[in-house]
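Each chain is listed here by its residues.
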Amino acid sequence: MSGLRIAAAGLGLLVITAAHGQETTLRVGVARAISTGATLIAIERGYFKEFRIKVELEDINSSADVMAMLAQNQYQIVEGGISAGYFNAIDKKLPITMVADRTSSPLGHNIMLRPDLKDQIKDIRDLKGKVIGTNGPGSVSTYEIGKVLEAGGLTLADVEIKVIPFTQMGLALRNKALDASLLIPPFTYQARDQGLGVMFLDADTYVRPQPTEVAVNILNTDWAKKNPEVAKNYFVAYLRGVRDYCNAYHFGSTRKEIIDLLVKSGTERRPELLNDYDWQSRNPDGRISMASALDMQSWYRKNKFIAVDFPAERLVDTSYVDYAVEKLGPFVLENKDSTLKGCR
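Residues numbered from 1 in each chain as written. Predicted model: local features only at pLDDT ≥ 70, side-chain atom pairs only at ≥ 80, totals over all residues. Heavy atoms only, no water.

Caption draft 1: Broad picture of the sheet that holds strand 7 (residues 160-163). In space, the 5 strands of this open sheet follow the order 7-6-8-5-9, with mixed pairing throughout. Either end of the sheet is taken by a strand with one partner, and the two such strands are strand 7 and strand 9 (198-202). Here the strands of the sheet are splayed against their neighbours by 30° on average, with no regard to which way each runs. Note that strand 5 (residues 110-113) and strand 9 share 4 bridges and pair antiparallel. Paired with Ile111 across the strands is Leu201, a residue of strand 9. Sheet strands touched by helix 4 (residues 140-151): strand 5, strand 6 (131-134), strand 7, strand 8 (180-183) and strand 9. Its angle to strand 6, the strand with the most contacts, is close to 140°. (Pairing = 2+ DSSP bridges. Helix = DSSP H or I, 4+ residues; strand = E, 2+ residues; numbered from the N terminus. Axes fitted to C-alpha atoms, helices over the stretch in contact; angles between N-to-C directions. Contact = heavy atoms within 4.5 Å.)

Caption draft 2: Layout of the packing of aromatic side chains. Considering all chains together, one arrives at 15 aromatic pairs under this definition. Taking 6.3 Å as the distance between ring centres and 50° as the angle between the ring planes, the aromatic pair formed by Tyr143 and Tyr300 counts as tilted. Of this pair, Tyr143 sits in helix 4 while Tyr300 sits in helix 11 (residues 290-302), placing them 157 residues apart in sequence. Classification of Tyr143 by relative accessible area gives buried; the value is 0%. Seen in terms of ring centroids, Phe235 and Tyr320 are 5.8 Å apart; in terms of plane orientation they differ by 50°. Their pairing is tilted. In this pair, Phe235 is assigned in helix 8 (residues 228-249) and Tyr320 in helix 13 (residues 319-328), connecting sequence segments 85 residues apart. Residue Phe235 shares its accessibility class with Tyr320, and that shared class is buried. A connected cluster of aromatic rings, assembled from ring pairs, spans Tyr86, Phe87, Tyr143, Trp299, Tyr300 and Phe305. Arg282 extends its terminal NZ or CZ atom over the ring of Tyr245, reaching a point 5.8 Å from the ring centre. The ring of Phe310 carries Arg314 above its face, with NZ or CZ at 6.0 Å from the centroid. (Phe/Tyr/Trp six-rings, centres within 6.5 Å; stacked < 30°, edge-to-face > 60°. Buried < 20%, exposed > 50% of the residue type's maximum accessible area, 1.4 Å probe, protein only. Lys NZ or Arg CZ within 6 Å of the ring centre and 35° of its normal.)

Caption draft 3: Empty space enclosed by the protein, seen in detail. Taken as a whole, this structure holds 1 cavity of 30 Å³ or more when the rule is applied. What lines the largest cavity is a set of 20 residues, among which Gly81, Val140, Phe166, Ile184 and Val214 lie closest to the centre. Elements supplying a minimum of two residues to the lining of the largest cavity: strand 3 (77-81), strand 4 (96-104), helix 4 and strand 10 (213-220). Here the lining of the largest cavity is built from residues that sort into 7 nonpolar, 12 polar and 1 charged. (1 Å grid on protein atoms, 1.4 Å probe; cavity = no way out; pocket = protein on both sides within 12 Å on 5 of 7 lines; lining within 4 Å. Points joined across faces, edges and corners; volume = space filled by probe spheres on them. Nonpolar A, V, L, I, M, F, W, Y, C, P; charged D, E, K, R; others polar.)

Caption draft 4: View of the pattern of salt bridges. Scanning the entire structure with this criterion turns up 21 salt bridges. Note that Glu257 and Arg45 form a salt bridge whose closest N and O atoms lie 2.7 Å from each other. One end of the pair, Glu257, is in helix 9 (residues 255-265); the other, Arg45, is in the loop between helix 1 (37-44) and strand 2 (53-60), with 212 residues separating them in the sequence. Judged by relative accessible area, which is 35%, Arg45 ranks as partly exposed. (Salt bridge = Lys/Arg side-chain N within 4 Å of Asp/Glu carboxyl O.)

Caption draft 5: Structural view of the environment of Glu326. Within the secondary structure, Glu326 is located in helix 13. Overall, the relative accessible area of 66% leaves Glu326 in the exposed class. Distance from Glu326 to Glu213, taken between C-alpha atoms, is 23 Å for residues 113 residues apart in sequence.

Caption draft 6: Layout of the packing of helix 4 against helix 11. At their nearest, the axes of helix 4 and helix 11 sit 11 Å apart, and the two run at 80° to each other. Considered as vectors, helix 4 and helix 11 are oriented roughly perpendicular to each other. Packed against helix 4, whose contacting residues are Val140, Thr142, Tyr143, Gly146, Lys147 and Glu150, the element helix 11 presents Asp295, Met296, Trp299, Tyr300 and Lys302 at the interface. Tallied by class, residues from the contact of helix 4 with helix 11 come to 5 nonpolar, 2 polar and 4 charged. (Parallel < 35°, antiparallel > 145°, perpendicular 65-115°, else oblique.)

Caption draft 7: Representation of the layout of surface pockets within the structure. Considered as a void within the structure, the largest pocket measures approximately 300 Å³ in volume. Along the walls of the largest pocket sit 19 residues, with Pro106, Tyr249, Asp278, Trp279 and Leu340 positioned nearest its centre. Counting only elements with at least two residues in the lining of the largest pocket, the list comes to helix 6 (187-193) and strand 9. Class assignment of the residues belonging to the lining of the largest pocket gives a composition of 9 nonpolar, 5 polar and 5 charged.

Caption draft 8: Up close: the sheet that holds strand 3. An order of 2-1-3-10-4 is seen for the 5 strands of this open sheet, with the pairing classed as mixed. Two strands in the sheet have a free side with no partner beyond their single neighbour: strand 2 and strand 4. Each adjacent strand pair in this sheet contributes to an overall mean axis angle of 20°, direction not counted. With 5 bridges connecting them, strand 3 and strand 10 associate as antiparallel partners. Counterpart to Glu79 in the pairing with strand 10 is Asn217.

Caption draft 9: Just the pairing of strand 10, in detail. Across the 8 residues of strand 10, 8 count as buried, placing the element largely inside the fold. Two strands pair when backbone bridges link them, and strand 4 and strand 10 are joined in this way by 7 bridges, in the antiparallel orientation. Bridging from a neighbouring strand, Ser104 pairs with Glu213 of strand 10.

Structure below.
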């Protein structure tokens, strides 16, 4: 695969409701990150192909940007953060639901500073009045920034939040358009290694409850009801990729293959550095941390990004990962000597 494919303007619905034996093509919107390696290896190893599923990955900046497209079935699945837009979509009774974990702590997310400010900003309280970058106004990154600020006695009202894509945050720090920014791997390490930003605060230290559920798979439920076997089989194949990713996370046999795929996709061009990075963790059974998701909902409401709270069963459909785990059995960790947290 040559990389994450971008949809052409005016591209119509690609789902093929074909006769038995023909291939079904799914459009999947993906916010690029190291954790994308799970989907990449599932494609590369033919896990989806075994079920006659073809997956077309398309870059998105934030799940918050594409909730309407998902609800309209322009995407069948979106891999991205738990944004306020998701809860607002549920409030509008749009046909979507969270179904599987995509990224959970330990995360490697870091609030980074402009290098020239490293001697001026020593504490969370020193961020007061500063311009901080996030990838979306109601994104999970904004939630993380908010939780960190609260740990220092501040709120979002004490800073200026500026929305900038992760891919441009390093440049914005260099140009002094930002004083600080929350970055995720591999962008964290790219900014650090290029001298564009200085690591300041690890979000995992401040965000509670743990594990923090940052990114998920969100499914179009209308499509899934019409294609139940395809939807279930998608997540069987997907979870096989997740488990390959988790073994790679722990320096198992799939690590080099996933690094090669991440380089080929353009997620990170320097393979030698992917061996040094802290990778984003995942749940090998695809389970979403409900305590974390509910805390996000509560925080979004407190900060007036959403108006209504919903119970857990309205927010998440666990049936797809339940089915996949039943088919695949327990996760087996290859590297029994690994001391890394997460992905187990």
